[in-house]
Amino acid sequence: ILALARPYKRSDDLCLACIANLLLTCCFASGVVIQLCDSTEYEDMCYNLVGYKTSRGATTFVVVLTAVMLAVSLAVILVSAVSASRAKTMRLVSSKREPMRDGITLA
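Residues numbered from 1 in each chain as written. Predicted model: local features only at pLDDT ≥ 70, side-chain atom pairs only at ≥ 80, totals over all residues. Heavy atoms only, no water.

The final tally for this structure, using the stated rule, is one disulfide. A sulfur-sulfur distance of 1.9 Å marks the disulfide that ties Cys37 to Cys46. Because the torsion about its S-S bond is 75°, the bridge between Cys37 and Cys46 counts as right-handed. Relative accessible area serves as the criterion here: at 11%, Cys37 is assigned to the buried category. The buried category is assigned to Cys46, whose relative accessible area is 1%. (Disulfide = S-S within 2.5 Å. Buried < 20%, exposed > 50% of the residue type's maximum accessible area, 1.4 Å probe, protein only.)

What follows is the structure, given as C-alpha cells:
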C-alpha cells in the first residue's frame, strides 16, 4: 500500500520506508515462527507450517533473515548517501561558493 500511495516526494525515502516496513514484517513473522516452534503443544505444527523440526533451525533462519535485511537496508542507505554526495551543487559565479541556505545570498 505504501508503494502505491507514494506519500514521500523523494523516491529514496519511499524505498527506505518500504524496506523498513518489510523488516518490521519479517521481525513479526519471525517472532511468530519462534513462538510456534518453541511451544511444546504444537510439536508437529512447526514442521507442517514452517518446515523446521526444532526451534533451533527456525531461530537460525530468523537470525540469517534479519542479518540479510539489515545488510540490504545499510546498502540502500550507503547508495543513497554516495549518490547524494556526488550530486552537483549550485555555485555562485563571483565566489565559486555555495549560496547560503537562509534566503540571503552574499557574494
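For the rest of this paragraph, the subject is a nonpolar patch on the surface. A contiguous nonpolar surface patch, about 270 Å² in accessible area, is contributed by Leu16, Leu74 and Ile77. Within the secondary structure, Leu16 sits in helix H2 (residues 11-38). (Patch = residues over 30% accessible without salt bridge, like charges linked within 9 Å, V, L, I, M, F, W, Y side chains within 5 Å. Areas by Shrake-Rupley, 256 points an atom, 1.4 Å probe, with all protein chains shown as cover. Salt bridge = Lys/Arg side-chain N within 4 Å of Asp/Glu carboxyl O. Helix = DSSP H or I, 4+ residues; strand = E, 2+ residues; numbered from the N terminus.)

Attention now goes to the side chain of Ser30. With respect to the helices and strands, Ser30 occurs in helix H2. A relative accessible area of 5% places Ser30 in the buried class. Contact partners of Ser30, with chain neighbours within four places excluded, come to Val62 and Leu65. (Contact = heavy atoms within 4.5 Å.)

For the rest of this paragraph, the subject is the packing of H2 against helix H4 (residues 55-85). One can describe the packing of H2 onto H4 by two numbers: an axis separation of 10 Å at closest approach and a directional angle of 170°. Viewed along their axes, H2 and H4 adopt a mutual orientation that is roughly antiparallel. Mapping the contact onto sequence places Asp12, Cys15, Leu16, Ile19, Leu22, Leu23, Cys26, Ser30, Val33, Ile34, Cys37 and Asp38 in H2 and Ser55, Ala58, Thr59, Val62, Leu65, Met69, Leu70, Val72, Ser73, Val76, Ile77 and Ser80 in H4. Class assignment for the residues of the contact of H2 with H4 results in 17 nonpolar, five polar and two charged. (Axes fitted to C-alpha atoms, helices over the stretch in contact; angles between N-to-C directions. Parallel < 35°, antiparallel > 145°, perpendicular 65-115°, else oblique. Nonpolar A, V, L, I, M, F, W, Y, C, P; charged D, E, K, R; others polar.)

Mapped onto the fold, Val76 is located in helix H4. On a C-alpha basis, the gap between Val76 and Ile19 in space is 8.9 Å, while along the polypeptide they are 57 residues apart. Ignoring sequence-local partners within four residues, the contact set of Val76 consists of Cys15, Leu16 and Ile19.

The share of residues in the protein chain with pLDDT of 70 or more is 89%, and the mean pLDDT across the chain is 78. Looking at the elements of the protein chain, mean pLDDT is at its lowest for helix H1 (residues 2-5), recorded as 64, and at its highest for H4, recorded as 84. (pLDDT = per-residue confidence, 0-100.)

Over its 28 residues, H2 extends 40 Å from the first C-alpha to the last, a length consistent with the 40 Å expected when each residue adds 1.5 Å. Turning to H2, its buried residues are Leu14, Ala17, Ile19, Leu23, Cys26, Ser30, Val33, Leu36 and Cys37. (Expected span 1.5 Å × (residues − 1).)

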